[in-house]
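# Topology and contacts: notes
Okay, here's what each chain looks like letter by letter:
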Amino acid sequence: MKNNLILTEYKVLARKYRPQKFDDLIGQDSLVLTLTNAITTNRTAHAYLLTGVRGIGKTTTARLIAMSLNCELKTNDSCEPCGNCDSCISIRDDRNLDVIEMDAASKTGVDDIREIIDNVKYKPVNCKYKIFIIDEVHMLSKNAFNALLKTLEEPPPHIKFIFATTEVKKIPITIISRCQRFDLRRIESQKLTSHLLSIAEKENIKIEKDAIALIVRAADGSVRDGLSLLDQAIVNKNETVSTKIIIKMLGLADRGQVFDLLDAIFKGEANASLNIFNNIYQAGADVLMIFDEMLKITHFLTQIKIFPEIKNDIYIPELERTKGAEMAEKISMSSLGTIWQVLFKGYQELQYGSHLFQHGEMLIIRLIYLYEGPSPDDLVKKIKKEVSENQPLQSSTQNNIKTEISNPSTKLEVYKENQNNNKTTEPTSILPVKSFRQFVDLFYQRREGMLHTYLYNNTKLISFKEGKVIINAEKIADSNFPRTIARLISKWTGRIWQVSSSSSNIGQTLYEEDVINQQKEIELMKNDSEVKLILDKYPEVIIHSITDIGATTDEQIDKKEHQQIKE
């Protein structure tokens, strides 16, 4: 006799633990509350639209609604299907004639929708309602949507439509307006962690909490993704599922090593940083994955800076909490912002580049040598210390320090200039500059002829107040023009000036202003009795410009225009 082996089909966790009632849905409290009230008060809509990311329960919710509406044993004061009647069992097994489930990804045409429209007029065979569940409804063609419009707006009382989609923006607004829309939310990390731990306990699986945390992070709020990853991780039940197993399974970089990599970068240790990066890469981690983890850790450090209580969140692995808190204390918020920008730009470059390992090394070098000088905070502290040691702080000095903080780049230039010339050119007092014209004239007086010409002829003034100027210098090719102006004017006046560039065209140049003023003076001069006699006697004569006849020294003649009368 041969032994007959009976093989039972293994049911994956995502199917085995699919919710069978509304209470089993996790993280969708507002949806459950609304549907509960609608079903118990018999105020259900004729069409529902369920939207959200993959794996959060859209199709499951649609089936639960169908089961609840058609349940034979459900009480009037409850929305939960019994799960044991013929209707519930047939819907669960996908063999109910009155609940028609259609995949719009494979049936996108207008002919497929016409089949539904033709079936609408027939009453249900066994149940109270005939329910059409259309999954991935955004895949339907434009003609298919148009064919559905009229039926969707005025369906027979025995018909219900339930649509599910991950791309709600691709659905015509005319369809959305005919449905009750529910946005299913991503599952919070704490709830998903508790859910996966409870399933692991039911399955008698030993798994580390840090390993669960990695699965939850990779699932990104999707219950189905989390269960699929857990299913993959627990193939071998004989040993505890550790963090290392999950890292190898997902091809992730070791989170602890990535923390060490960022720590070495923050310290400016190029050799150690490149060695750690090489070790992570040789261990099998993808370069894109490494920089993705670096971005996430930078964001995590920023969160710690803003919300210190995150350090006590038990759902975050202990290594990350302790290491992250230690690193966050040593780095400023502005530095984290700069590092994020460089990392994000580099991550985008990696996605479309080649030679990824070499590219990754160069990005690390770029981060380390991003700025070699003292930070703005350190510079301000140094200035305060020097002033307090040499002389008491005066009110003007305090104002200068506050202004320096608002513009660290200009401050650094002035600081270097003063350091190089502290014996000869360090100003002893602050030179007041009350107008933009005085500001520009200072460059003429200091024999900066080219800069004076640019400022007078090509620079439009947007706004001016002492210490801060906003100009439009688009006609000037030199991108460092505002910085050069700020450095020189700060050196000459003895206070920090902030010169910013703007694309606004509301201002005008000093040359344009002088031309307008001169035209006004000419118009007034034409009304003078003596000038009128001359103009009447010589009709072809015009007034070109006006100059004070007393200002005829050589220097004044160079600075101002002559009076000319053209014939």
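Structural data are supplied above this passage.
This write-up is about the structure you can find in this document. Predicted model only: the values in this text are computed from it and were never measured. (Residues numbered from 1 in each chain as written. Predicted model: local features only at pLDDT ≥ 70, side-chain atom pairs only at ≥ 80, totals over all residues. Heavy atoms only, no water.)

## Re the overall build of the protein
A count of helical and extended segments in the protein gives 26 helices and ten strands. Sorting the 567 residues of the protein into buried and exposed places 41% on the buried side. Taking the contacts inside the protein whose residues are at least 6 apart along the sequence as the reference set, 72% of them involve residues at least 24 apart. Total accessible area computed for the protein in this model is approximately 33,200 Å², and 48% of it derives from carbon and sulfur atoms. (Helix = DSSP H or I, 4+ residues; strand = E, 2+ residues; numbered from the N terminus. Buried < 20%, exposed > 50% of the residue type's maximum accessible area, 1.4 Å probe, protein only. Contact = heavy atoms within 4.5 Å. Areas by Shrake-Rupley, 256 points an atom, 1.4 Å probe, with all protein chains shown as cover.)

## What to know about the state of the cysteines
As enumerated under the stated definition, the model contains zero disulfides in all. There is no disulfide at Cys71, and the cysteine sulfur nearest it, in Cys82, is 3.4 Å away. (Disulfide = S-S within 2.5 Å.)

## Regarding the pairing of strand S6 (residues 460-465)
In the sheet, S6 pairs with strand S7 (residues 468-472) via five bridges, with the strands oriented antiparallel. Opposite Leu461, over in S7, you have Ile471 as the bridge partner. The turn linking S6 back onto S7 is made up of two residues, and Gly467 within it adopts a positive phi angle of 100°. (Pairing = 2+ DSSP bridges.)

## Brief notes about the sheet that holds strand S5 (residues 180-183)
With parallel pairing, the five strands of this open sheet are ordered in space as S2-S3-S4-S1-S5. Looking along the sheet, the strands with just one partner apiece sit at the ends: strand S2 (99-103) and S5. Mean inter-strand twist for the sheet, computed between neighbouring axes without regard to direction, equals 15°. Examined bridge by bridge, strand S1 (residues 47-51) and strand S4 (residues 159-165) share five bridges and lie parallel to one another. (Axes fitted to C-alpha atoms, helices over the stretch in contact; angles between N-to-C directions.)

## Looking at the nonpolar core
Counting 36 residues, the largest nonpolar core has Leu261, Ile265, Phe277, Phe291 and Met294 as its most contacted members. Every element with two or more residues in this core is listed here: helix H12 (255-267), helix H13 (270-282), helix H14 (287-306), helix H15 (318-329), helix H16 (333-351) and helix H17 (356-368). Considering each element in turn, this core owes the most residues, nine residues, to H14. Beyond its immediate stretch of four places on either side in the chain, Met294 contacts Val258, Leu261, Leu262, Ile265, Leu343 and Leu367. Within the second largest apolar cluster, 29 residues are counted, among which are Tyr48, Leu50, Ile56 and Cys79. (Core = buried A, V, L, I, M, F, W, Y, C linked by side-chain atoms within 4.5 Å.)

## Focus on the packing of aromatic side chains
Counted according to the given criterion, the structure contains 15 aromatic pairs. Here Tyr48 and Phe182 contribute two aromatic rings whose centre-to-centre distance is 5.9 Å and whose plane-to-plane angle is 35°, an arrangement assigned as tilted. Of this pair, Tyr48 sits in strand S1 while Phe182 is found in strand S5, placing the two residues 134 residues apart along the sequence. According to the relative accessible area criterion, Phe182 is buried, its value standing at 10%. Pairing Phe132 with Phe161 gives two aromatic rings, centres 5.5 Å apart and planes at 25°, and the pair type is stacked. Here the residue Phe132 occupies a position in strand S3 (residues 130-135), and Phe161 occupies one in strand S4, the gap between them amounting to 29 residues. Per residue, the accessibility class of Phe132 equals that of Phe161, and both read buried. One aromatic cluster is present, built from ring pairs that chain together Phe436, Phe439, Phe443, Phe464, Trp492 and Trp497. (Phe/Tyr/Trp six-rings, centres within 6.5 Å; stacked < 30°, edge-to-face > 60°.)

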